[in-house]
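# Results of the structural survey
These are the residues of each chain, in order.
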Amino acid sequence: MNHDDGTGPTFTLTGSDLRIASSQLLDTLPDAIVVVGPDLNVTYLNLTARKVFGGGDENRAQAGISGLDLIHPEDRAHVLERLAQLLDQPGGHMTADFRVAHHDEPDGWKPVEANCTNLLNDPVIQGLVVSFRDRKLEHVMATSAQRLGRALERTSDLLLLHDRQGTLLFANAAARSFLGTVLTSAPNGGWPYSERTTEFMTSVILPSAKSNGSWDGEVTTADTSGVEHVLSLVVSVDSDGTCVITGRDVTAQRRYESDLTFRATHDALTGLPNRAALVEFLEKSVTDNASGANPRLAVLFVDLDRFKLINDSLGHHYGDQMLTSVAERFQAVIRQPDMLVRLGGDEFVVIVNDATGTAPMKEVGAEIAARLHSSLHEPIMLGGTPVFGSVSIGIAIQDGQLSGNDLLRRSDLAMFRAKTSGRSRTEWFVETMATEAERGFAVESQLHRALDANEIFVAYQPVIELPSTGVIGFEALVRWRRDGEVIEPALFLAIAQESELIMRIDSFVLNEACQQLMRWSAEFPHHQHLHIAVNLSARQLARGDLVDVVANALAQSGLAAERLVLEITEGNLMTDLRATIAALEGIRALGVQLAIDDFGTGYSSLSYLQRFGAHTVKIDRTFIEGTDVNEPDTRIVEAIIGLANTFGMTTVAEGVETLEQFERVKALGCGAAQGYLLGRPMPADEASSVLVKGIDLSGVLHGSAIH
Ligand code: C2E
Ligand code: CA
Ligand code: CA
């Protein structure tokens, strides 16, 4: 074509014009076109071919190069063979697939379909015309299909293909190895699953998959060796009825999940259901019972007595063993469908769900409580030592519409009553327990007024030295005189302890007690060595200025620091360890003495408590009481005294009520004693007369408690 004059193409063409025009036309084609001579040397390349074979540079590939060089060495033989045939057929035509050199391909070769026409006889062309068509996409598709097939075969998921009759068309390796024998033994055309799964497959899965396009869910079926597995299946059915099943073995996962659920709802030590399980079960029991005319539901709150001591004296290992043994014994006396739960620590709960019973619930509850008590009558062997356990039980019965939580709280209150009224017993919840707890609010506001109105005062209980029976000091105990009646701390301290009130009370008692001791010193010059013991609460220990408060009380009263003893229960020591240690160091630096109160009721060992630098250990009243009937308690007291002495601490026996107890603690080598037998807490003026007269036990009869 001639564009020179700008008038458009010229249609008068000479032979050479035709060549040029054809050549320009060929250069516009996206396909590569090559002409080779009978010797297979290239005589012509269009633009695309020059670029492709010239490595992108159209000047590099020119006529004259060998056509064979453009063919992948591995493909040459078969291409040559085809070309040889074509050379013998002037005007003939053939196609061949092979790889040609291609600069765009990473490996330098590209799969193509080559179309060859023999135009050797054509006077203009005189060669074989070869045009190349890109076969890359088809090639990729073919290899992907192959790869896909391989992937499906090798995947760990089970893959099965059935026709509409259920005949198996394909099962991948995973499916074959899982269902191996089942596959081969499956009846003709049948589904290769266990009878149950096949039944499920044809009655549920397939109809659902047909109507919804697919079904997914889990089935349990046996593997080749007959072991049951959980398979998670996706089943889809095509419009032609072909059914594709993919399955995954989720047995381990399900087992793991159910294991996790078990762990979340069970106590690791005893294997019993835990608090989480309790809450659920309790609410369910409440709902179940709500439908019946009268609910038959009881909750027993069971707390091991003195477990802390076992843990403490024998170590956690035996403590755990004790809990496990107790759990086993309880379990043995609990009947289905009642439920035994370990709430934590040494607390257990029994839920009695007696829907079908006829006996009154009170009798049912009492009977179970009795069984629990007697299950511990035989000692538990811990490392060869027989240990006797006992429990305090509180029972609440469903009446009306109490929630599970209410029931639990009620049984807890009743259990608390069982503890405080002497342990190893059962108490029933009564309404007053709840109101007592609720009364707290009123008490708090009254207490504030009581402090302002001077209704709070201090009572003094003498502390007697052993074996001399001389008065060596007093413990200051707070009292509240309300409407002419004296109220003991048990009724108001717990409430005061929940607010800042306790600090006001404790500071008041501290100051008052220091001043009282100074007054006695002035009045009784021969009592210069009396000490005064004052109780500290956890809150006071935690406050930053305790040392200042104490120093101030000493300064205000003029009392010598070593005559003041501050009593701390071990429970209080542990509340905020860091703050406590700092506070106690400050107090010791002042020269004030420390006593560990109610020893034996908490968690810790004496050797641990020794670190706090206490001078005195006060042995809890329950042990002194226990020495009457309990040989082990006597041994515990003896051990505490021995241990305290080796640590350089003195001992005070608390709650000595009888002459027997008095003589026993004296014989055991206790340093001092305190208790109703020797003097009840009394107002300061009465305490003055004790200082005058001393303690006289000569008139006390054996076996009598003074109250
Ligand atoms: P605690 O420090 O163990 O005080 C001894 C308790 O045992 C006193 O009870 C006392 O009256 C009682 N007691 C003494 N001898 C006997 C006995 O032979 N038999 C019996 N059954 N009991 C005896 P109280 O005065 O009712 O005080 C109870 C608790 O309240 C005290 O136990 C102490 O922890 C606390 N408390 C008392 N006054 C204060 C105070 O001013 N501040 C603080 N923070 N707590 C105080
Ligand atoms: Ca005390
Ligand atoms: Ca005490």
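The coordinates are above.
What comes next concerns the included structure. The residue count restarts for each chain, going from 1 along the sequence in the order it is written. Here every chain gets a letter starting at A, and every ligand a number starting at 1, in the order they are written. Side-chain atom pairs in this predicted model are given and counted only at pLDDT of 80 or more, local residue features only at pLDDT of at least 70, and totals for whole chains, interfaces and linings cover all residues. Only hydrogens and water are removed before side-chain values are computed, so all heavy atoms of the structure are retained for them.

### Let's talk about the overall build of the protein chain
Applied cut-off: Only DSSP runs of H or I with at least four residues qualify as helices, and only runs of E with at least two residues qualify as strands; both kinds are numbered from the N terminus onward. The globule rule is 2.2 Å times the number of residues to the power 0.38, and the radius of gyration it is compared with is taken over C-alpha atoms. Classification of residues uses two cut-offs on accessible area relative to the type maximum, computed with a 1.4 Å probe and protein chains only: under 20% is buried, over 50% is exposed, and between them is partly exposed. The contact criterion used throughout is that any non-hydrogen atoms of two residues lie within 4.5 Å. To measure how exposed things are, a 1.4 Å probe is used in the Shrake-Rupley method; for residues, cover is taken only from the protein chains shown.
A count of helical and extended segments in the protein chain gives 25 helices and 26 strands. Here the C-alpha radius of gyration of the protein chain, 49 Å, is well above what a compact globule of 707 residues would show, namely 27 Å. Overall size of the protein chain, expressed as C-alpha extent along the three principal axes, is 155 × 65 × 55 Å. A buried classification covers 44% of the 707 residues belonging to the protein chain. If you take every contact in the protein chain between residues at least 6 apart in sequence, the share linking residues at least 24 apart comes to 58%. For the protein chain, the exposed surface amounts to about 35600 Å²; the carbon and sulfur share of it is 54%.

### Quick look at the site of ligand 1
Note the threshold: It suffices for a single heavy atom of a residue to lie within 4 Å of a molecule or strand for the residue to be listed as near it. Classification used: nonpolar for Ala, Val, Leu, Ile, Met, Phe, Trp, Tyr, Cys and Pro, charged for Asp, Glu, Lys and Arg, polar for all others including Gly.
Not every one of the 22 residues close to ligand 1 is listed here, only the nearest: Gln461, Asp506, Asp597, Glu657 and Tyr676. Taken by itself ligand 1 offers 790 Å² of open surface, and the protein chains cover 84% of this. Every element with two or more residues in the shell around ligand 1 is listed here: strand 19 (471-482), helix 16 (501-523) and strand 23 (593-599). If one sorts the elements of the shell around ligand 1 by residue count, strand 19 sits on top with four residues. Residue composition of the shell around ligand 1, by class: nine nonpolar, five polar and eight charged.

### Considering empty space enclosed by the protein
This is how it is decided: Cavity and pocket criteria rest on a 1 Å grid covering protein atoms alone: a 1.4 Å probe that fits but cannot get out defines a cavity, protein on both sides within 12 Å along at least 5 of 7 lines defines an open pocket, and an atom within 4 Å of a point defines a lining residue. Grid points are joined across faces, edges and corners, and a volume is the space filled by probe spheres set on the points.
This structure, assessed with the given rule, holds one cavity of 30 Å³ or more. Taken as a whole, the largest cavity spans an internal volume of roughly 170 Å³. Taken together, 15 residues form the lining of the largest cavity, with Val36, Gly67, Ile71, Val130 and Phe132 sitting closest to its centre. Listed by contribution, the elements that provide at least two residues to the lining of the largest cavity are strand 1 (32-36), helix 3 (73-87), strand 3 (93-101) and strand 5 (127-134). Counting residues per element, the lining of the largest cavity draws most heavily on strand 3, which supplies three residues. In terms of residue class, the lining of the largest cavity is made up of 14 nonpolar, one polar and no charged.

### Description of the sheet that holds strand 8 (residues 214-222)
In plain terms, the rule: When DSSP finds at least two bridges between two strands, those strands are taken to pair. Axis definition: a line fitted to C-alpha atoms, limited for helices to the stretch in contact. Angles are taken between N-to-C directions and run from 0 to 180 degrees.
Ordered in space as 7-6-10-9-8, the five strands form an open sheet in which the pairing is antiparallel. Sheet topology places strand 7 (168-171) and strand 8 at the edges, where each strand pairs with a single neighbour. Taken pair by pair, the neighbouring strands of this sheet meet at an average axis angle of 25°, ignoring direction. One ladder, built from five bridges, connects strand 6 (residues 158-162) with strand 10 (residues 243-249); its direction is antiparallel. Bridge pairing links Leu160 to Ile245 in strand 10. On top of the sheet, helix 6 (residues 195-212) reaches strand 8, strand 9 (228-237) and strand 10; it is set at about 175° to strand 8, its chief contact. This element, helix 7 (residues 251-265), spans strand 8, strand 9 and strand 10 of the sheet and lies at about 120° to strand 9.

### Examining the coordination of the calcium ion (ligand 2)
The criterion, for reference: Sites may look incomplete, because water is not among the atoms used; the donor set itself consists of N, O and S atoms within 2.8 Å of the metal (3.2 Å for Na, K and Ca).
Surrounding the calcium ion (ligand 2) are the protein donor atoms Glu475 (OE), Asn535 (OD1), Glu567 (OE) and Asp597 (OD), which sit 2.1 to 2.3 Å from the metal. Here the donor residues for the calcium ion (ligand 2) map to a single chain with the spacing E-x59-N-x31-E-x29-D. The distance between the calcium ion (ligand 2) and the calcium ion (ligand 3) is 3.9 Å, with Asp597 acting as a donor to both metals. Placement of Asn535 in strand 21 (residues 531-535) and of Glu567 in strand 22 (residues 564-569) is noted, with a sequence separation of 32 residues between them.

### Regarding the pairing of strand 12 (residues 339-344)
Among the six residues that make up strand 12, five are buried, leaving the element largely enclosed by the rest of the structure. Bridge count for strand 12 against strand 13 (residues 347-353) is five bridges, and the pairing is antiparallel. Across the sheet, the residue bridging to Met339 is Ile351, located in strand 13. Where strand 12 hands over to strand 13, the hairpin turn is made up of two residues, of which Gly345 adopts a positive phi near 50°.

### Things to note about helix 18 (residues 546-557)
Short version of the rule: By this rule, a helix spans an expected 1.5 Å times one less than how many residues it contains.
Between its first and last C-alpha atoms helix 18 spans 17 Å; for twelve residues at 1.5 Å apiece the expected length is 16 Å, and the two agree. Among the residues trailing helix 18, Gly558 stands out with phi positive, at a value near 80°.

### Examining the coordination of the calcium ion (ligand 3)
Around the calcium ion (ligand 3), the protein contributes the donor atoms Asp597 (OD), Asp598 (OD), Glu654 (OE) and Glu654 (OE), which lie 2.0 to 2.6 Å from the metal centre. For Asp598, a relative accessible area of 25% gives the class partly exposed.

### Quick notes on the packing of helix 16 against helix 18
Our working definition: Roughly parallel means an angle under 35 degrees; roughly antiparallel means over 145; roughly perpendicular covers 65 to 115; every other angle is labelled oblique. By definition, any crossing whose near helix is turned counterclockwise from its far helix by less than a right angle is left-handed, and any crossing with a clockwise turn is right-handed.
Relative orientation of the contacting elements helix 16 and helix 18 amounts to 30°, with a least axis distance of 9 Å. Our classification of the angle between helix 16 and helix 18 gives roughly parallel. Two packed elements cross with a definite hand, and for helix 16 against helix 18 that hand is right-handed. Here Ser507, Leu510, Asn511, Cys514, Gln515 and Met518 of helix 16 come into contact with helix 18, specifically with Val549, Val550, Ala553 and Ser557. By residue class, the composition of the contact of helix 16 with helix 18 is six nonpolar, four polar and no charged.

### Quick look at the packing of aromatic side chains
To keep things clear, this is the line we draw: Each Phe, Tyr or Trp ring (for Trp, its six-membered ring) is paired with any other whose centre lies within 6.5 Å, and the angle between the two planes then decides the class: stacked below 30 degrees, edge-to-face above 60, tilted in between. Charges are assigned to positions over rings by a cutoff of 6 Å between ring centre and Lys NZ or Arg CZ, combined with an angular limit of 35 degrees from the ring normal.
On inspection of all chains with the given rule, the structure shows seven aromatic pairs. Both rings, one in Phe53 and one in Phe132, keep their centres 5.8 Å apart while their planes meet at 75°; by these two values the pair is edge-to-face. Here the residue Phe53 occupies a position in helix 2 (residues 47-53), and Phe132 occupies one in strand 5, the gap between them amounting to 79 residues. The exposure classification of Phe53 matches that of Phe132, with both residues buried. An aromatic cluster of three or more residues is present, and its members are Phe53, Phe98 and Phe132. One cation-aromatic arrangement involves Arg481 over Phe457; the distance from NZ or CZ to the ring centre is 4.4 Å.

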